[in-house]
Structure formats: structure tokens, C-alpha cells
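Structure assessment
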Amino acid sequence: MVNLSTEDAHKTGSFIFQLGFGWMGVVMLGVGTGLLWNIAPALGGVILGGVLFIGFVVGPVLGRLQHHQIAYRASVATLTGQASDVVGGLRVLRGVGGEDQFSRRYRAASADLRDAGYGVARADSWVQGLRTSLPLALMAAITWVAARLAIAGTISVGELSAAFGMTALVAQHSGAMIGMAQAVIAAQVASRRLTAFFGTRNDIDDTGEGRGARGALRDPESALEVEPGRLTVVVSAEAKPAEAAVERLARYRESGAEWGGTRLDALALDEVRERVLLLRDDYLFAQSLGETLRVDEPKALAAIEAACAADVHSSLGSDLAGEVTNGGRNLSGGQRQRLRLARALAADAEVLLAVEPTSAVDAHTENLIASRVGAARKGRTTAVVTASPLWLARADTVVWMVDGKVRAAGSHADLSKHAEYRSLTSRQESR
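Residues numbered from 1 in each chain as written. Predicted model: local features only at pLDDT ≥ 70, side-chain atom pairs only at ≥ 80, totals over all residues. Heavy atoms only, no water.

1. Quick look at the side chain of His 313
Relative to the helices and strands, His 313 is located in helix α9 (residues 310-315). In this structure His 313 comes out as buried when scored by relative accessible area, which is 16%. Looking at His 313, its side chain comes within polar contact range of the main-chain nitrogen of Asp 319, at 3.4 Å. In this structure, His 313 is in contact with Leu 289, Leu 301, Ile 304, Ser 318, Asp 319 and Leu 320, ignoring residues within four places of it in sequence. (Helix = DSSP H or I, 4+ residues; strand = E, 2+ residues; numbered from the N terminus. Buried < 20%, exposed > 50% of the residue type's maximum accessible area, 1.4 Å probe, protein only. Polar contact = N/O pair within 3.5 Å; in protein donor to acceptor, adjacent residues only side chain to side chain. Contact = heavy atoms within 4.5 Å.)

Spelled out as C-alpha cells, the structure:
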């Protein structure tokens, strides 16, 4: 974002600035060629051929410059992404002994960026050198031809002087045209990035106008159905297909999902966002604990209690003004997960769809969370994607998914008659 608003915008704007000089050069080339042709056709032919020769020589170098600039910007993006990743995951890297591996990868990416920078510098230095030397060579060639013509008596000494002055002016503007071409190359690279950014559109259609949908949420693609006012636990050996199904129910993906028989894409998107909350590994911004939860103190403390996040509160000074750093880096993985859950509970959405909300906590804490969340959201629609028996024991309905499709639905006790389901939910190998 910083590069887009500074470097890329500046380079695109510089092209507009250089455009005037470039067009002036084209006009002066035409005028100069015409005037020199009137003095002597040979002079007009030499200057026209010289400018074409300059373009022939500089063109490939400009092409290489564009290639190197594209490679350089790609290397910058790669290295910046790696730096951002390590800032967010340094604690984890140290915990698993991954610092050395990351350092090697970062050094390799940094070396690639350095090499890409050298490539840009080499191509740019050639352009700058040719921009200065070729117009001077053109002046020398015109002067030599004009001098020969003057000696032969074809043109006068005054016409020789005029030819030299006109050639100097045309040569100066030839350099300006090379500068414009260089600015065009830089502007193309920058403008493509800007165009891609400003061309970004929401991948969710926002033309629906319906409101007030009621009833069960249903995803035809997987046959997953979430009944209103009940706690539904979705069990799947692979979390991704189940997560994709709840994303469709929350309208984070385009699909034929329905709410009480009304297609979600026929409803106003702002209403769906207001009424249906999807909880995943969501981001924690740098702000106070109170600003993170965005409710008054009694409701905030109730949400913290329901999510078993009292240690988060105490670690921040037992004060809602305590600061959560960017990405929650001053909290452990389990604390971040419970704070996200507390934030979701504080929002008190009509429908809560949660994906593995307790995967980073111990069994005792998970049992408390399942119990408290069930009580806090009693009578409200809640769906949790997990295979934990601690959640299944409290579920009103259990939906068992295999390969992204619902195989069966019912109570945990009924589904436990299936050996495959029992093996999945008991976390033991089937016998």
C-alpha cells in the first residue's frame, strides 16, 4: 500500500510530466528534419536516419529495463511478505526451532532482490549513457556531413552554422524522447499495479435487497442444514470442506445457500453480515481490550467469562484499557483464540458459525468453554465445526460430513453407532 501510494503513483505521474517533453521532441524532430532538408537533402536524410538508429539501439535496452523492473518489484513483494510473516510468527518459529530455516530463506530472497536491483541498475545505466552519447554522436555526424558539403560549396558557411545549431536542438530533444520512453517503461510497470489494485472488486454480489429471512440455513452443495435456536456441531475428518460449507452459509462465497427458503444472494449483504457471524482464525488489531470487544464493560466481562479468557483480561492488567498488540502478539496462541471467541460472543449475532474455536486449548478449558458458550447462546442459532466429544456431548444436533457432503445427522449417541464416526470423534483408533 505504501509503494502504491508513493512510488507507483509518482512514476505514473512522472510519465504525464515527461509526455510534454516527448511530444516537443517529436515536433522538433519534424521541424528540424524539414529545415535541414531545405538546406541540403543529405542533411535531412542523415538526421532522420540517425534518430531511427537511436530508436533501434535504445529499444532493446528499454525492453530489458522493463523486464528487470518487473522482476525487481516481484522480489520486493516476496521479501516484504516474508518479513511480515516472521514479525507475526517469530515466537512460533523460535518454539519449533525454525529460525535458522527462515534465516536461510530470507537470505536467499534478499540475494534475489539484490540481483534484481543490479539488473535494474545495469539496464538503467545503459539507457542513461545512450541518452547522452547517441545525440552527441548524431551532432558529430551532421556537423561532419555539413562541413564536407560546405567545403564542396554545396552549402554556405552560414547554412553550416544553421545546420549545426538546428542539429544541437534536435539532439537535445532526442534525449528528451529517450527520457520519455524510459518514463513510459516505469509508468507501465507502476500503472499495472495500480490498475490491478483499483480493479479489485468484492467477489460477493451485493445486489440483493431482501430482508427479514427466517428459518433454517441450508447449503444445497453439501446438504448441511443449521436449525434456528439450536446448537449444531459439524463433524468432518477434514476441516476444509466443512469450513467451506459454513462460509457459504455466511455468504463468504457465492453459492445457492438458502435461509428459510430464501437464497442468501437475494438478501441485502449488509443484513447477512449483521445477523450471521463467521468465526475463524480472525485478525486481532492493535487496540485496547475494550475496543476489541466493542461492548460496554458488563457485557465485555460476561463474554470474557464465557470464553474462559479471564487470563487474557488479567494479563492486560485486569483492565479493559489494556492494549492488545497488532495481531495479538503479546498473547499466546490459546489466549488469542479465546479472545476471538469472546469478541464473537460479545457481538451477540443472531447466528454464530464457528470453525474449530477451541483447537488451541486443553481439554479442561475446552469443556468449560463448550458448557459456557452453550449456556450463553441458549435459544440462539449456533454451529460449531469440530470433532471434539466435549462439544458433541452438548450438541442439539450433530451433522456428520464425509468428503464435503452430509452423510448423516442426529444425536451424538445415534451417530456413534457408526464405527467410522465413533473412531473420528473418540480420537482413538477403531478396533
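2. Considering a negative patch on the surface
Together, Asp 203, Asp 205, Asp 206 and Glu 254 make up a region of like negative charge exposed at the surface. Mapped onto the elements, Asp 205 comes out in the loop between α4 (157-198) and β1 (217-219). (Patch = residues over 30% accessible without salt bridge, like charges linked within 9 Å, V, L, I, M, F, W, Y side chains within 5 Å. Areas by Shrake-Rupley, 256 points an atom, 1.4 Å probe, with all protein chains shown as cover. Salt bridge = Lys/Arg side-chain N within 4 Å of Asp/Glu carboxyl O. Lys, Arg positive; Asp, Glu negative; His and termini not counted. Charge placed at Lys NZ, Arg CZ, Asp CG, Glu CD.)

3. Details of the pattern of salt bridges
Enumeration over the complete set of coordinates arrives at 17 salt bridges. The closest approach of N and O atoms between Glu 305 and Arg 372, which form a salt bridge, is 3.3 Å. Of this pair, Glu 305 sits in helix α8 (residues 297-306) while Arg 372 sits in helix α11 (residues 363-376), and the two are 67 residues apart along the sequence. Notably, a salt bridge pairs Arg 338 with Asp 311, separated by 2.5 Å at the nearest N-O pair. Taken together, the residues span a long stretch of sequence, with Arg 338 in helix α10 (residues 333-347) and Asp 311 in helix α9 at a distance of 27 residues. Given a relative accessible area of 30%, Asp 311 falls into the partly exposed group. Residues participating in the shared-partner salt-bridge network are Arg 211, Asp 270, Glu 271, Arg 275 and Glu 350.

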